[in-house]
Amino acid sequence: MTIEGKNGGLTPGLYLLATPIGNARDITLRALDILRDADVLAAEDTRSLRRLMEIHGIALRDRPLLAYHDHNGAKMRPRLQGFLEQGMSLAYASEAGTPMISDPGFDLLPLAQEVGVPLISAPGPSAVVTALTLSGLPTDRFLFAGFLPNTSGARKKALQEVSTVPATLVFYESPKRLVAMLRDAQDMLGDRPATVCRELTKKFEESRTAPLSELAAHYDATPAKGEIVVLIGKGDSAKIREIDLETEVEQALQTMSVRDAADYVSARLGVKRRPVYQLAMRLTAQNGGD
Ligand code: SAM
C-alpha cells in the first residue's frame, strides 16, 4: 500500500536534494517538485533554502523548515525520524550542491533504513563534477579527496598518500590556503599540470590550467577569492613507480637485510620480488654496504 504524504502526495521517505552551487537556475525540475510537495523540509542552512524557494516561487506554507547540520545532528535526528515514522516525506538539502559531498547528510541515511521508508536522491549540481568538466584534465578516472588538512605537515602526508594514484586528483580548497596547498602539491607530486576552478557558475567564474608552480606563482601575485576546486593531473605513472620503489627499498634497508627488504617491499607494493632484490643489492653496493 502506498501511504500518501499530507501535502502534495509525495511517497513517504527521505529525499536528498542537490541544490545550485552558484547559479540559482541550476536546480532540477524534480528538486523543485520535491521542495513544493514534501511534508517537512530540513536544510543545512535554512536561510539559503528559503531564498532558493523564494526565487523559484515555492511557498513554505505551514510546513516545518528545520536546520540540520553537523552541530545539531544528534539532537535533530530523533525529531526527523519521528516525521518519517508518521509516514511523512522529508526533504533534506545541504547549503549548496549535493548533500554528503563534503557536506552533512550521511548520518541521516540510517533513519530511512530504521523506519523502513525509501531513500531517494534527486541528483543535481556538485562542484567536483562541474570542475572536472571544465579542467581539460582526464575524466576517465578521478579521485575526489575533499578538503586537505589545514597544516602543511598533515597536508603533505595526505598528498603523499594519493601521489601514486593513476587518476586526476580533485580537492576542495579555501582561497586563503590555495597558494600553500599548490606549493605542497608541487613538493609532493612534482610539477604536474593542474587546474584551479573558482566561483563556478557565478559571475566571476574562472578556470586556469597550468603547471602547479605557475598556478602557485599566479595566485601568490593575485590572491584568489571565492570558492575553489583544485584538480591535479596524474603524474607519469612509470616514473612514480620507480621513485616510489626506490624510496621504499631505501627505507626498508635502514632496518632490514637485502633479503628481508626485498620480501617486504615486493609484498607491500605488489611487485615481483626479483627486480626489488636486484635494486636492494644495487642500493646496498652504492651505499658501500656489504
Ligand atoms: N556539497 C557541495 C558540492 O556538492 O560540491 C560542496 C560543499 S563544500 C562545504 C564547499 C566547497 O565546495 C567550497 O569550499 C569549494 O571548495 C567547493 N565549491 C562549492 N561551490 C563551488 C563553486 N561554485 N565554485 C568552486 N568551488 C565550489
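In case you missed it, the structure is sitting above this.
Residues numbered from 1 in each chain as written. Predicted model: local features only at pLDDT ≥ 70, side-chain atom pairs only at ≥ 80, totals over all residues. Heavy atoms only, no water.

Novice: Would you mind showing me how to read the overall build of the protein here?
Specialist: Helix and strand counts for the protein come out as 11 helices and 10 strands. The C-alpha radius of gyration computed for the protein amounts to 25 Å, which surpasses the reference 19 Å derived for 290 residues by more than 25%, pointing to a less compact arrangement than a globule. The dimensions of the protein, computed from C-alpha atoms along their principal axes, are 80 × 45 × 30 Å. Buried residues in the protein amount to 45% of all 290 residues. (Helix = DSSP H or I, 4+ residues; strand = E, 2+ residues; numbered from the N terminus. Rg over C-alpha atoms; globule rule 2.2 N^0.38 Å. Buried < 20%, exposed > 50% of the residue type's maximum accessible area, 1.4 Å probe, protein only.)

Novice: Even after reading the chapter, I still don't get the pairing of strand S8 (residues 193–198), so can you show me in this structure?
Specialist: In terms of residue burial, S8 counts as a mostly covered element, since 5 of its 6 residues are buried. Two elements, S8 and strand S9 (residues 206–211), share 6 bridges in a ladder whose sense is antiparallel. From the neighbouring strand, Thr 195 faces S9, where its bridge partner is Thr 209. Looking at chain direction, S8 and strand S10 (residues 228–232) are connected through 5 bridges and run antiparallel. By the bridge assignment for S10, Val 196 is matched with Val 230. (Pairing = 2+ DSSP bridges.)

Novice: In this structure, what is going on with the sheet that holds S8? I would like to understand it.
Specialist: Hydrogen bonding along the main chain pairs the strands of a sheet, whether they run parallel or antiparallel. Reading across the sheet, the 5 strands line up as S6-S7-S10-S8-S9 and stay open at both edges, with mixed pairing between neighbours. Two strands close off the open sheet at either side, each with one partner strand: strand S6 (142–147) and S9. Averaged over all pairs of adjacent strands, the angle between their axes in this sheet comes to 15°, without regard to strand direction. (Axes fitted to C-alpha atoms, helices over the stretch in contact; angles between N-to-C directions.)

Novice: What exactly am I supposed to notice about unusual backbone geometry here?
Specialist: With glycine set apart, most residues show a phi of negative sign, and most peptide bonds adopt trans. Phi is positive for Met 100, which is not a glycine, with a value near 80°. Structurally, the position occupied by Met 100 is in the loop between strand S4 (89–93) and helix H4 (109–115). Positive phi is not limited to glycine here, since Glu 199 has a value of about 55°. Within the secondary structure, Glu 199 is located in the loop between S8 and S9.

Novice: Would you explain the layout of surface pockets in this entry?
Specialist: Rolled over the atoms, a probe sized like a water molecule indicates the empty space that remains. The calculated volume of the second largest pocket comes to roughly 460 Å³. Lining the second largest pocket are 24 residues, and of these Ala 96, Ala 127, Phe 147, Tyr 172 and Glu 227 sit closest to its centre. Residue assignment for the lining of the second largest pocket shows that the elements contributing at least two residues are strand S7 (168–173) and S10. Across the lining of the second largest pocket, the residue classes tally to 11 nonpolar, 6 polar and 7 charged. (1 Å grid on protein atoms, 1.4 Å probe; cavity = no way out; pocket = protein on both sides within 12 Å on 5 of 7 lines; lining within 4 Å. Points joined across faces, edges and corners; volume = space filled by probe spheres on them. Nonpolar A, V, L, I, M, F, W, Y, C, P; charged D, E, K, R; others polar.)

Novice: Explain the sheet that holds strand S1 (residues 13–17) here, please?
Specialist: Read across the open sheet, the 5 strands follow the order S3-S2-S4-S1-S5; overall the sheet is parallel. Every other strand in the sheet has two partners, leaving strand S3 (65–67) and strand S5 (119–122) as the edge strands with one partner each. Neighbouring strand axes in the sheet, compared pairwise and without regard to direction, differ in orientation by 25° on average. In the packing of helix H3 (residues 73–85) onto the sheet, contacts are made with S1, strand S2 (40–43), S3 and S4, and the angle to S3 comes to roughly 150°. (Contact = heavy atoms within 4.5 Å.)

Novice: Looking at this model, I keep getting lost on the pattern of salt bridges. Mind explaining?
Specialist: Two side chains of opposite charge can pair, provided their charged atoms sit close to one another. Tallied over the full model, the rule gives 13 salt bridges. Residue Arg 155 is joined to Asp 184 by a salt bridge in which the shortest nitrogen-to-oxygen separation is 2.9 Å. Taken together, the residues Arg 155 in helix H6 (residues 152–162) and Asp 184 in helix H7 (residues 178–189) connect sequence positions 29 residues apart. Among the salt bridges present, the one from Glu 206 reaches Arg 208, with a minimum N-O distance of 3.3 Å. Its relative accessible area of 30% is what places Arg 208 among the partly exposed residues. Within this structure, Asp 33, Arg 36 and Asp 37 form a network of salt bridges that share partners. (Salt bridge = Lys/Arg side-chain N within 4 Å of Asp/Glu carboxyl O.)

Novice: What is the right way to read the site of the ligand from this model?
Specialist: Taken together, 18 residues lie around the ligand, and Asp 103, Ser 126, Ala 127, Tyr 172 and Ile 228 are the ones closest in. The separation between a nitrogen atom of the ligand and a polar main-chain atom of Ile 101 is 2.8 Å. Asp 103 is positioned such that a nitrogen or oxygen atom in its side chain is 2.8 Å from a nitrogen atom of the ligand. Considered on its own, the ligand offers 570 Å² of accessible surface; in the complex 90% of this is hidden by protein. More than half of the atoms belonging to the ligand lie within 2 Å of the grid points that define the second largest pocket. Elements represented by at least two residues in the shell around the ligand include exactly S7 and S10. Considered class by class, the residues forming the shell around the ligand number 9 nonpolar, 4 polar and 5 charged. Residues lining the shell around the ligand come from more than one domain, with at least three contributed by each of domain 1 (13–125) and domain 2 (128–235). (Near = heavy atom within 4 Å. Polar contact = N/O pair within 3.5 Å; in protein donor to acceptor, adjacent residues only side chain to side chain. Areas by Shrake-Rupley, 256 points an atom, 1.4 Å probe, with all protein chains shown as cover. Sits in = over half its atoms within 2 Å of the grid points. Domains from an automatic or database assignment.)

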